[in-house]
Amino acid sequence: MHNVVIVGAGPAGLSAAIAAAAAGAPVLLIDNNPRLGGQYWRLASDAVGEQGGQHYDLATGLMLINAVKARKEITVLSGAQIWSATHKDGINTLRVIQNGVEKIINTANLVLCTGAYDRTLPFPGWDIPGVMTPGGLQSLLKGHGVLAGKRVVVAGSGPFLLPVAAGVIKAGGEVVELLEANKSNRWLLSPFVMLENIAKLKEAFYYIKTISQAKVRDRFSSAVVAAYKNSEGILESVDVAKISRNFKIKKVRNVKCDVAAVGWGFTADTSIAGALGCSQIVAKDGGVVVKTDENQQSSIAGIFVAGEITGIGGAELSMAEGVIAGISAAQFVGCKVEVLKAHRKRRAKKQRFADALIKSYPVKAGWITWLNEQTLICRCEEVSTQDLKQAISELGATDSRTAKLLTRCGMGLCQGRICGRSVVDLVASELNISPTDTDRISAANRPIISPIPLGVLAAGE
Amino acid sequence: MKNPDAIVIGAGVVGACTALSLVNAGLKVLVLDRGAVASGTTGAGEGNILVSDKEPSPELTLALRSRDAWFELNTDIGGGFELEPKGGVVISRTSTGIANLKKLSNQQAGCGIEVVELDAKGVKEIEPHLSNTVEYAVLYPQDAQCQPMLAAAQIMRAVKRRGGAFIQGENVKSINTKSRKVVGVTTEKKTYGSPIVVNATGTWAGEIAQLAGSYLPIMPRRGFILVTAPAPKIVHHKVYDADYVANVASSDADLQSSAVVEGTESGNILIGASRERVGFKSDLDVAVLRQLARQAISLFPILATIPLLRAYRGFRPYAPDHLPVIGEDANLLGLWHAAGHEGAGIGLAPATGELITAQITGGKTFMDPTAFSPKRFKQESNVAI
Amino acid sequence: MSQSNLEFTFEGQKITAISGQSVGAALLAANQRILRKTRFNENERGLFCGIGVCFDCLVVVDGVGNQRACLIEVKSGMRVQRQVGSDA
């Protein structure tokens, strides 16, 4: 029987691996981190010690991880980075680099669980050392036991800011500002869904308890709109603004801090799915995600997708989708197993919660008014707002692809992962049009998934 | 724009240069492109402006004039496209290759091309990271490079400043004629009248010619380019293996590849060059990428540690005799073609613009354009391409 | 909880790390926030996304450039330097 090949060992990938193995299929689990768990359960080394206070539900994570490790039929390839993935005549070819050596994996079936990363928006000074993402701040704590600074501002939008702020407090840091751009009562738009997911409310209150005990106020309709550096070149302070419903600045005050963790939900990393040719669509939050059917199968037979890349929805939805994807993939390789009604029900419940969350934490176009001409849009290639605007007004760019070719936006090392979405929005705003799905999807495409040394490329078959 | 004197279809580098020449000659010009500026092959170009890779021929004459025309154009429109007179270094490592290279460079020298022969020591002085296995090379100081997307965009900007009009996002659906004379074009939105239409649509020039019932056998020849992560200055000129010239001239449909390596202003190193006749097949071919990497490392061993960042592909437009098409249609008065420059489109664009403008306005041409005339193709109307 | 300490250098200075920590994390713990200077504007950059996606935290490790500090695990005796532009 062929291996079920799974990419990504976060909540979705771990769940898919266990489900496929339980169904009787041998599993190959490929992950680019040294330790299983993905971003959600980012574990530390034994020497650093498990940062229990940083995880709400470490128990579930450890259970999945230990289950994967215990099962002989699951082979794990850790520290393995896929640099290229192509599909031809029913076979998916994954080109993987592990320890500087390339490995080729050909497989008719594939389960993609490549997760997501913090979504960021540009603002003046966002490139100053000390400005980072909430995920980065949390990963330093969870995975390395390091608190990034003493006076921390946590800002942006979304429920993820709560555990990040609580984590800083538990690690002994001071959260000088906790800012949510949207209004506090937006979650009331979906009251039944909230009630259906009492466990999630319990989790929220767990964080809120930690935060309020530290006398930190969660300020709503507020955002970090600029950052400033000191003479050494590191973060010294940020401008905190009261903002309107559309994110336009109403009132500004300056706050001293050494870390500003600013994030706006998540962006799915669909690079591998896109490179294989899976159909992608634009989700309600404007992010590009992979299209799936009710069995978690993509537009390409044999390629299954689960977790954040099907739509940002959190760890529990990822696990529910992972189980279904694992079973579907096991079926594909010949196992006699069915997706149960209970699996579908669980996924539906988690999906409803995810949909409600997205409704509650929108990113409004007013962020564009925070930019000045020097504000960098593309960090890698140091392309400013002015450069991008000139490409449109002077050089005739009428879509984000042309703007990219003329300014180098998105051509740097991160290949548009950080700036891609913002460039599409900004170009559309300058042209006074709505961003098209084509624009969004093309900004997410990167056939070379990860940089590969030319020598390794040359040596491969 | 009402009643343009000329319509140019295609805002790639050739269309842009043609429009600029026409506008500079005093004509009212309308440029139409189905996409954005440089959205065709120009957007996938490396920016080569070479005299080194052409044997003495009308094409070399065109290339020599065009190279100088690029620098004049740069001054004329105020730059902004990273034009660099970096020079080309052509190497060979086989005895036959070296003999052929010597012969070719002597012939080129006879046509006014500057050539400097270099031995192992000489080439190491100007390209310190080049492999020690290179013992003979020829430096062509006249070879240059630019950023092709910026070039086309800056030229179109100048065209507009000088009274030209540019409409993006309209597809020409028909070329309208009356009594064998062109009277204009129709897009999906409007009809534009003009006695002169220039087909500068590159790899799609055959399709456009068909709209007028005409015939241009222009086919796609796919090429990939590797782009590395930004690197310190490793490659100082455009460096390529002499077998590149043979590949360009080859009619083989299979993969032809030879090492072409150069740096850019932004620090990334570009690696080419591959040629395949696979129609418009656009998916990534990893085997080709590996071959290009191998060849580049063979020339510059230090490249082994530099990461590949991205790769892109383009479809060069070529005619069966590997010469561009620059001239009036065989049958229709007022329909002009400026297309089919294979991998030399960037380099040859300004001279193409000059040559076709002179023909259109009845002025003096700087060279005999007969070799490039579309009349050289056997006229078979309604032949599927 | 065992804490095996490692030593490495950053710009010639001795830095202590706990086994399993990334170079970026260890440098941050030692209050070293500037990891590189950009190639066009020579601006300071440090850790940004923390998970290997943004490529901002580039440092030179034992002579090899373009290393993401947030991903590279500290090894005893490592020589780490700021990356200036694209130079290794």
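Residues numbered from 1 in each chain as written. Chains lettered and ligands numbered in written order. Predicted model: local features only at pLDDT ≥ 70, side-chain atom pairs only at ≥ 80, totals over all residues. Heavy atoms only, no water.

A. Geometry of the pairing of strand S5 (residues 58-61) of chain C. All names here are of chain C. By the alternation rule, side chains of S5 split into Leu58 and Val60 and Val59 and Val61, which are all buried. Here S5 pairs with strand S6 (residues 64-68) via 3 bridges, running antiparallel. From the neighbouring strand, leucine 58 faces S6, where its bridge partner is arginine 68. Between S5 and S6, which pair antiparallel in sequence order, lie 2 residues; one of them, aspartate 62, sits at a positive phi of approximately 50°. (Buried < 20%, exposed > 50% of the residue type's maximum accessible area, 1.4 Å probe, protein only. Helix = DSSP H or I, 4+ residues; strand = E, 2+ residues; numbered from the N terminus. Pairing = 2+ DSSP bridges.)

B. Inspection of the pairing of strand S11 (residues 174-179) of chain A at higher detail. Residue and element names in this part refer to chain A. When you tally the buried positions in S11, you get 5 out of 6 residues, the bulk of the element. Examined bridge by bridge, strand S10 (residues 151-157) and S11 share 4 bridges and lie parallel to one another. Looking at S11, one finds that valine 153 is bridged to glutamate 177. Here 2 bridges tie S11 to strand S12 (residues 218-219), and the two strands are oriented parallel to one another. Bridge assignment links leucine 178 to a residue of S12, and that residue is aspartate 218.

C. Examining the interface of chain C and chain A more closely. Listed as interface residues are 36 residues of chain C and, on the opposing side, 42 residues of chain A. Approximately 3,200 Å² of surface area, both sides summed, lies buried where chain C meets chain A, with 56% of it carried by carbon and sulfur atoms. Together, Arg33(C), Phe48(C) and Ile51(C) form the three largest contributors to the area buried by chain C at its contact with chain A, with a combined 24%. Where Glu73(C) meets Arg35(A), a salt bridge forms, and the shortest distance between an N and an O atom there is 3.9 Å. Where chain C packs against chain A, one counts 14 residue pairs in polar contact (both at pLDDT 80 or more). Top element by residues in the side of chain C that touches chain A is helix H1 (residues 23-29) of chain C. It accounts for 3 residues. When grouped by side-chain class, the residues that make up the side of chain C that touches chain A number 16 nonpolar, 13 polar and 7 charged. (Contact = heavy atoms within 4.5 Å. Buried area = accessible area lost by both parts, 1.4 Å probe. Salt bridge = Lys/Arg side-chain N within 4 Å of Asp/Glu carboxyl O. Polar contact = N/O pair within 3.5 Å; in protein donor to acceptor, adjacent residues only side chain to side chain. Nonpolar A, V, L, I, M, F, W, Y, C, P; charged D, E, K, R; others polar.)

D. Structural context of the packing of helix H3 (residues 134-144) of chain A against helix H4 (residues 161-170) of chain A. All names here are of chain A. Where H3 meets H4, the axes come as close as 10 Å, and the angle between the chain directions of the two elements is 40°. One element, H3, and the other, H4, form an angle in the oblique class. Note on packing geometry: the crossing formed by H3 with H4 is left-handed. Listed contacts from H4 to Pro134, Leu137, Gln138 and Leu141 of H3 are Leu161, Pro163, Val164, Gly167 and Val168. (Axes fitted to C-alpha atoms, helices over the stretch in contact; angles between N-to-C directions. Parallel < 35°, antiparallel > 145°, perpendicular 65-115°, else oblique. Left-handed = near helix turned anticlockwise from the far one by under 90°.)

E. Focus on the domain arrangement of chain A. Residue and element names in this part refer to chain A. Per the domain assignment, the segments of chain A are domain 1 (4-117 + 267-339), domain 2 (120-264) and domain 3 (371-443). Computed from C-alpha atoms alone, the centre-to-centre distance between domain 1 and domain 2 is 29 Å. Summed over both sides, the interface of domain 1 with domain 2 buries roughly 1,200 Å², with 51% coming from carbon and sulfur. It is Arg42, Gln54 and Tyr56 that lose the most area in domain 1 upon contact with domain 2, and together they represent 56% of the buried surface on that side. Where domain 1 touches domain 2, the interface holds 0 salt bridges. (Domains from an automatic or database assignment.)

F. Inspection of a nonpolar patch on the surface at higher detail. All names here are of chain A. Taken together, the side chains of Phe192, Leu195 and Ile198 define a hydrophobic patch exposed on the protein surface, amounting to about 360 Å² of accessible area. Tracing the backbone shows phenylalanine 192 in helix H5 (residues 191-196). A relative accessible area of 69% means that phenylalanine 192 is categorised as exposed. (Patch = residues over 30% accessible without salt bridge, like charges linked within 9 Å, V, L, I, M, F, W, Y side chains within 5 Å. Areas by Shrake-Rupley, 256 points an atom, 1.4 Å probe, with all protein chains shown as cover.)

G. Looking closely at the pattern of salt bridges. For the structure on display, the rule yields 35 salt bridges over all chains. The partner of Arg67(B) in a salt bridge is Asp68(B), and the shortest N-O contact between them spans 3.4 Å. A salt bridge links Arg222(B) to Asp285(B), with the shortest nitrogen-to-oxygen separation between them at 3.6 Å. A residue pair is termed long-range when its members are at least 10 positions apart, and Arg222(B) in strand S13 (residues 219-228) and Asp285(B) in the loop between strand S16 (269-275) and helix H8 (286-299) qualify at 63 residues. A cluster of three or more residues bridged by salt bridges with shared partners is formed by Arg379(A), Arg36(C), Arg45(C) and Asp56(C).

H. The arrangement of the side chain of Thr357(B) in detail. Residue and element names in this part refer to chain B. The topology assignment puts threonine 357 in helix H9 (residues 345-361). The class for threonine 357 is buried, based on a relative accessible area of 7%. Polar contacts involving the side chain of threonine 357 include one to the main-chain carbonyl oxygen of glycine 353, which spans 2.7 Å.

I. Representation of the environment of Glu294(A) in the model. Residue and element names in this part refer to chain A. When you line up the elements, glutamate 294 lands in the loop between strand S19 (288-290) and strand S20 (303-305). When the C-alpha positions of glutamate 294 and arginine 344 are compared, they lie 8.4 Å apart, and in sequence the two are 50 residues distant. Glutamate 294 has contacts with Ile324, Arg344 and Arg347, leaving out every residue within four places of it along the chain.

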